[in-house]
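Here's the letter readout for the chains.
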Amino acid sequence: MANQVKSGITNIFELQPQDSTPLYRQLYERLRLAILTEQLTAGVQLPSTRSLASELGVSRNTVLLAYDQLLAEGYIEGKVGSGTTVAQVLPESLLSTSNNKSKPQFEYQQSSQKRLSHRGRALAQTPLIPKPLQTLQGKQQRIFRAGISAVDAFPHELWSQLIARRARNSLQNLLTDRELRGYLPLREAIAAHIVVARGVRCTPDQIIVVAGFQGGFDLAARVLLDPGDPVWMEDPGYLGARGALIGAGANLIPVPVDTEGLDVTAGMAKCPQARLVYVTPSHQFPLGVTMSLARRLALLEWANQNGAWVLEDDYDSEYRFVGRPLTALQGIDSSDCVIYFGTFSKVLFPALRLGYLVVPPDLVEAFIAARHFIGTRVPTLEQAVLADFMNEGHFNRHIRRMRSLYAERRVTLVAALKRELEFEIYAPETGMHIVLWLPPGMNDKLASQQAAVVGIDAMPLSLFSMTQTRAGLLLGYAAVDVHQIHDGVQRLATALRAIQILRLTCCPLAKKSRCTTMCDRLCQS
Ligand SMILES: Cc1ncc(COP(=O)(O)O)c(C=O)c1O
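Every chain is numbered on its own, with residues counted from 1 as its sequence reads. Side-chain atom pairs in this predicted model are given and counted only at pLDDT of 80 or more, local residue features only at pLDDT of at least 70, and totals for whole chains, interfaces and linings cover all residues. As a rule here, side-chain values come from all non-hydrogen atoms in the structure, and water together with hydrogens is ignored.

> What is the right way to look at unusual backbone geometry in this model?
Across residues other than glycine, the phi torsion is negative in most instances, and most of the peptide bonds are trans. Residue Pro236 is reached from Asp235 by a cis peptide bond, and omega for that bond is 5°. On the secondary structure map, Pro236 appears in the loop between strand E6 (230-235) and helix H11 (239-247). Omega for the peptide link from Phe285 to Pro286 comes to 10°, which places this bond in the cis form. The residue Phe144 is not glycine, and still its phi comes out positive at about 80°. Mapped onto the elements of the fold, Phe144 is located in the loop between strand E4 (140-141) and helix H7 (156-169). We classify Phe144 as buried; its relative accessible area is 1%. Even without a glycine there, the phi angle at Arg353 is positive, about 50°. Secondary structure is summarised from DSSP: a helix means a run of H or I of at least four residues, a strand means a run of E of at least two, and numbering begins at the N terminus for each. Buried, partly exposed and exposed residues are distinguished by accessible area as a fraction of the type maximum, computed with a 1.4 Å probe on protein chains only: under 20%, between the cut-offs, and over 50%, respectively.

> Please explain the sheet that holds strand E10 (residues 309-313) as it appears in this structure.
The strands making up a sheet associate through backbone hydrogen bonding, with each pair oriented either parallel or antiparallel. One open sheet accounts for 8 strands, arranged E5-E12-E11-E10-E9-E6-E7-E8; its pairing is mixed. Among the strands making up the open sheet, the edge pair consists of strand E5 (207-210) and strand E8 (261-262). Examined bridge by bridge, strand E9 (residues 276-279) and E10 share 4 bridges and lie parallel to one another. By the bridge assignment for E10, Leu276 is matched with Trp309. For two strands to pair, DSSP has to find at least two bridges joining them.

> Help me understand the sheet that holds strand E14 (residues 433-437), please; the structure alone is not making it clear to me.
On the basis of which strands lie adjacent, the open sheet formed by 4 strands has the order E13-E14-E16-E15 and antiparallel pairing. What marks the edges here is a single partner per strand, and that holds for strand E13 (425-426) and strand E15 (459-460). Pairing of E13 with E14 involves 2 bridges; the strand directions are antiparallel. If you follow Ile425 over to E14, its bridge partner there is Leu436.

> Help me understand the packing of H7 against helix H15 (residues 380-391) in this model?
When two helices pack together, their arrangement is given by the angle between the helix axes and by the axis-to-axis distance. Where H7 meets H15, the closest approach of the two axes is 9 Å, and the angle between their N-to-C directions is 120°. Classed by the angle they form, the pair H7 and H15 counts as oblique. Classified by chirality, the crossing of H15 by H7 is right-handed. Of the residues in H15, those touching H7 at Leu158, Trp159, Leu162, Ile163, Arg165, Arg166 and Ala167 are Leu381, Ala384, Val385, Leu386, Asp388 and Phe389. The residue inventory of the contact of H7 with H15, partitioned by class, reads 10 nonpolar, no polar and 3 charged. Orientation is described by lines fitted to C-alpha atoms, with helices fitted over the stretch in contact, and by angles between N-to-C directions that extend from 0 to 180 degrees. Angle categories: roughly parallel below 35 degrees, roughly antiparallel above 145, roughly perpendicular from 65 to 115, and oblique for all the rest. Helix crossings get a hand from a simple test, with the near helix turned counterclockwise from the far one by less than a right angle marking a left-handed crossing and a clockwise turn marking a right-handed one. Contacts between residues were defined by any pair of non-hydrogen atoms, one from each residue, lying within 4.5 Å. Asp, Glu, Lys and Arg are counted as charged, while Ala, Val, Leu, Ile, Met, Phe, Trp, Tyr, Cys and Pro are counted as nonpolar; the rest, among them Gly, fall into the polar class.

> Sorry if this is basic, but what is going on with the site of the ligand here?
Here, proximity means that at least one heavy atom of the residue falls within 4 Å of the molecule or strand. Inspection of the region around the ligand gives Gly212, Phe213, Gln214, Tyr238, Tyr278, Phe285, Asp313, Tyr315, Thr343, Ser345, Lys346 and Arg353 as its neighbouring residues. Take Phe213: an N or O atom from its main chain is 2.7 Å from an oxygen atom of the ligand. The side chain of Asp313 places a nitrogen or oxygen atom 2.6 Å from a nitrogen atom of the ligand. Only the protein chains shown count as cover for residues, and the accessible areas themselves come from Shrake-Rupley with a 1.4 Å probe. Here the ligand loses 90% of its free accessible area of 400 Å² to cover by the protein chains. Distance and chemistry together define a polar contact, namely a pair of N or O atoms within 3.5 Å, with one atom able to donate a hydrogen and the other to accept it when in protein, and with adjacent residues in sequence counting only for side-chain atoms on both sides.

> It is not clear to me how a nonpolar patch on the surface should be interpreted in this structure. Could you clarify?
What goes into a patch is any residue over 30% in relative accessible area without a salt bridge, connected to like charges within 9 Å or, for nonpolar side chains (Val, Leu, Ile, Met, Phe, Trp, Tyr), within 5 Å. By salt bridge we mean one thing: a side-chain nitrogen of Lys or Arg within 4 Å of a carboxyl oxygen of Asp or Glu. Judged by side-chain polarity, Leu293, Leu297 and Ile332 come together as a nonpolar surface patch covering roughly 250 Å² of accessible area. Among the residues examined, Ile332 registers a relative accessible area of 33% and is labelled partly exposed.

Any functional reading would require information beyond the geometric quantities listed.
Shown next as structure tokens:
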């Protein structure tokens, strides 16, 4: 059992006595994170060792040891026992930790600015999707990261057998394959799949096999855009797409997304002459909504009339748990303005780095020529193995198995959240993640940081937004075993309630000229 929480202030420092990490070390890590994330800002007075020990229900020695360590490393100043405050100047090492992860990148740009092109600088400054958080205190795996599939449920044995068979029997042929669009049997298998499953209209000749969505999207942006061209970007939207568009010099026009998907009318009002639009109509990333048929038709009509390209990212539509998905936009496009992107990153595993584009017949030659010079073709052995996997029925079997696994995990997560928290949830019966909306005033970046302390990797929605967005957390369920879900949700609920309590108990103090309690930052959120 975790130590009982005795006040709002100590809630965020809830310690785990059953954990093999010593209590003083846990407290040290919690305090250090609070300093790094600026919940404890420079000059804030820490509670006395005696009062913090009594609030946390631990010995005074535990708190003394934690404070000593922070003092030795330069995070706090003063004298343990007679008043300590958060250091005015933090140690150098802080630059490479926690939410300051972007700093080394920024410093690199500064020092090498002269050598970078405009495009290089723009790309280097674009926010990256943070890497999944690794273990907590070196042991426990952080859970609920959105976008991660159940790689442990992938049929590894079978996959290795297929690789071995190909290497043994047909490696010679694969060494000399010169297909510019990609391995023909794979393109045939993809076409057969998407025509039936997604209503895409295409022949294998329109398919170009690429290095995942990202490889295909960068190619499309290079072929279709000139620097300065206006582009509608879903807001909030996928950072991978945003980065590639920035790399192509696009002038990004953020277009809001509501319950019906991309707001086409808003896009037309903001920039009717946009050259291109990026959309995730089947399952908007990150909000999860499906674009309504009316909006789809309006988008296609606008694109047709204005000579604009529609780039449709259909990254995880295989995972729909009830009913059939709406046909892809590409399938209802009669004017050849849609370029369709599929990927195997979600449906199989991300390190495969295989995806595909479906381009209108007139564009095929331009795309393969551009791809030739960029040099991003993908290895044939993996393409051949994937073709076998699809042609021998394993692909559809895997999708069916994952669908029922993810459906169960989704239901378990939603039920646990409803039991533990009264927050609003958006949990469509599709995809691999849900949105947990946060109550008004709660900052999702801080909520995400607090969740990380208790082993939860919940990305904040604001990370994906170019303008103001409602605060929320993304919770991925595909890779989380049902037995872990309940415990994980309890930990998340504790972390979020702590923020709420802090706000409630500390806000009167914030009316003072300077709030000197530990919740300094939260009061202002
Ligand atoms: C919206 C969206 N599109 C595409 C992808 C897949 O990208 P890739 O195929 O490059 O792994 C992701 C993966 O996270 C995604 O979230």
